[in-house]
Amino acid sequence: MYAAAQQQLLFQDAKDLLEAENAPGLMPRLAAVLRWADWRYYVQSDPALADFEYDTLFKKLQALEARFPGNSTPDSPTQRVAKGLSERFPTVSHLVPMLSLENTYNAEDLRDWDRKVRAGAGAQEVIEYCVEPKYDGASISLIYENDQLLRGATRGDGIMGEDITANVRQIRSIPLSAPFSKLGIHQIEIRGEAVIHKDIFADNNARRMAEGLAPLANPRNAASGTLRMLDPAEVSQRRLSAVLYHVSELERIPASLFETRLSDDSTSIGAANDHFHTIQNLAALGFPTPAGEMHLFRHIDDVIAYCEGFSLRRDSLPFEVDGLVIKVNDFALQEKLGMTAHHPRWAVAYKLAARQATSKLRQVVFSVGRTGSVTPVAKIDPVPIGGVTVSSVSLFNEDVIREKDLRVGDTVLVERAGDVIPYIVKPLAEMRDGSEVEIVYPSNCPECGHNLERQEDEAVWRCINIACPAQVQERIIHFCSKDAMDIRGMGESNVKKFCALDILKDIPGLYHIEWERVATLEGFGEKSVTNLQAALEKSKSQPLARLIFGLGIRHVGETTAKTLAQAVSHIREFYEWDEDRFITLEDIGPKVAASATHFFRRSETRATLDALEMAGLNLANDQKAMQVSEGAFSGKTFLFTGTLSKLKRSEAEAMAEAKGGSILSGVSSKLNYLVVGSDAGSKLEKARKLGSVSILSEEDFLDMVQGD
Ligand code: IVH
């Protein structure tokens, strides 16, 4: 419908109009730009403007239409409650139109709105406002009839929505029934937002990336896309949540049929005469609501102060929030104020700083991580997004670049959703002028020149040269980091400096730094050198778990490092372990087991550990060592094979270890006891052949444990 050249002009005009002073001559241009932006958003599902830009233009047009009504046209984008409907689901009418909210962006806008509310309220002096988060998800409407969830619908065009009942039923936090009839309510329509927990969103994306799929853009798109999936089972897996913030319609059971007296029943939805208590009551019935995040204020100054301070809380909320909603609390006053075709006059949204912006992609650099992964990073013209200036954006992997068809020189839409790291939503293809160039992915490590390899099940390319200086440097940074060995002062910049000057070549090198040389460097006075030395000295007695985490074994995070540390009395015991042995530990799966086995078998690992021990670091788990020396099984070795019936293998091993025994990973002349469960295979055979191993049943073993 729109040719590329035309779109380019419209995009440029949008930017010009954002800057332009209001004048009646701008009205047709604003209408044209907004019509195009609507088409991009609703028809192409490919927004061309950031939300903030769209709203600003929309408001400019609205303001001009209000001032010059003679110049407005019936097809103006302001003259409808837009939003498209797809044909995938049956359409249903909403009992009450689902309106949108008017947006405000600053204190002045809020004061204007307050003035309008006061004018509408007439004589009333104190107006109570309820302020609650504006959840960034997909709006839904739920109808309960005779206590049962009857229907769930999307907003659609505000009048008609899509019937997505089956999908809504997959949202675990939405009750399928609720005792409304006890409260005298026959039918009720509840509005809210389907949302996705930030952690679940991040998890889903981590999984997608591990599977080589591009990450989903943001929690809002994830929620609205999920609601429209055709397979409810798939919806269930995506683990959506909901927040319900409005009761739009309520039909009572006729008084003659309803015996219980409602009048003084404070838990009744129908009994409350304001928004705050209605939502509290809904929460008391088990519905997910913003109840804990609602605040009442009696003066617009307090509302403003709360709104302005809210951005600090934004990131700590479990769901993505794009602003706050301020509602007149009293229902009678809400009714008096009424609504326009587009929004209620009794509520307004206060939008937080835009988290999207457009910028220019200037260059792609490739950075090498400590596991050798090569990550493309886009260098863009610096833009402020949600309070921080963004100039570097990870592109994750090659597939993302190809799927989005990104090119150097592209104008790109950048988003920072919540505490999620910034990412490029997409290039604005209509802004291309032909000078853009393809991003060339390197086939060799940009740091050491070694070949890159990509495993079949992975989306990333890796440099497999273990001595690659970039990897070594990243490994040292990780080793010194706060959650690992916590070596204060040895942060990223010092490590990089020392590596560049060859003062530091590997992890053990930290403990053999030539301090005379450091003292000659600029910025390293006597005090900072002494502090660094003290921090390094202190790190020598860090517990084993921190050391294991600091070694940077792939897939081994802090928790797994603790599990590993608890399983041995000295790190060298792992040299004997195989994957089967690692898997017996709690929460360790095949991926970690394979990577740990591989790590401890490598000669480089062993050399590093020897060097660290020589330097005086703690490589033992002292508690474990103590337990061992005191136990009745001290000096005895055990191996468990086959399926045990009473104990988990990990429990049995822990029991043996608690008494001082140690666990071997294979049958050898060093083995004293083989404990066999059902289906024992080759290990049993081998032990029999050896003849020196005592073979025990699970019961024998338990007797032995109890009878020592
Ligand atoms: S009240 C008539 N409260 O924001 C009542 N809306 O941009 C209108 N939204 O369409 C809605 N959080 O989908 C309300 N706490 C909240 C909200 C909220 C998110 C959504 C809703 C609305 C959109 C307007």
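Up top is the structure these notes are about.
Since we're looking at a predicted model, the values are computed, not measured. (Residues numbered from 1 in each chain as written. Predicted model: local features only at pLDDT ≥ 70, side-chain atom pairs only at ≥ 80, totals over all residues. Heavy atoms only, no water.)

Caption draft 1: Structural view of helix H16 (residues 526-539). With 14 residues, H16 ought to run about 20 Å at 1.5 Å a step, and its terminal C-alpha atoms sit 20 Å apart, in line with that. Within H16 the residues assigned to the buried category are Val529, Leu532, Ala535, Leu536 and Ser539. In an axial view of H16, the angular spread of the buried residues amounts to 125°, which keeps them on one side of the axis. Residues of H16 that are exposed and angled more than 90 degrees away from the buried face: Glu526, Lys527 and Lys538. Along its buried surface, H16 packs onto helix H14 (492-500) and helix H15 (515-520). (Helix = DSSP H or I, 4+ residues; strand = E, 2+ residues; numbered from the N terminus. Expected span 1.5 Å × (residues − 1). Buried < 20%, exposed > 50% of the residue type's maximum accessible area, 1.4 Å probe, protein only. Arc of directions from axis to C-beta. Contact = heavy atoms within 4.5 Å.)

Caption draft 2: Structural view of unusual backbone geometry. Phi at Asn146 is positive, roughly 50°, even though this residue is not glycine. By secondary structure assignment, the location of Asn146 is in the loop between strand S4 (138-145) and strand S5 (148-154). Located in the positive-phi region is Asp502, a residue other than glycine, with phi close to 65°. One can find Asp502 in the loop between H14 and H15.

Caption draft 3: Representation of empty space enclosed by the protein within the structure. Tallied over the full model, the rule gives 3 cavities of 30 Å³ or more. In this structure, the second largest cavity encloses a volume near 70 Å³. For the second largest cavity, the full set of lining residues is Asp578, Asp580, Arg581, Thr584, Leu639, Phe640, Arg649, Glu653, Leu664, Ser665 and Lys683. At the level of elements, helix H19 (579-583), strand S21 (637-641) and helix H23 (649-658) are the ones that each hand at least two residues to the lining of the second largest cavity. In terms of residue class, the lining of the second largest cavity is made up of 3 nonpolar, 2 polar and 6 charged. (1 Å grid on protein atoms, 1.4 Å probe; cavity = no way out; pocket = protein on both sides within 12 Å on 5 of 7 lines; lining within 4 Å. Points joined across faces, edges and corners; volume = space filled by probe spheres on them. Nonpolar A, V, L, I, M, F, W, Y, C, P; charged D, E, K, R; others polar.)

Caption draft 4: Highlighting the state of the cysteines. In this structure the tally under the stated criterion is 0 disulfides. The thiol of Cys445 is unpaired, and the distance to the nearest cysteine sulfur, on Cys448, comes to 3.7 Å. Cys448 takes part in no disulfide bond, and the closest cysteine sulfur, belonging to Cys463, lies 3.7 Å away. (Disulfide = S-S within 2.5 Å.)

None of the figures reported here should be taken as evidence of function without further support.
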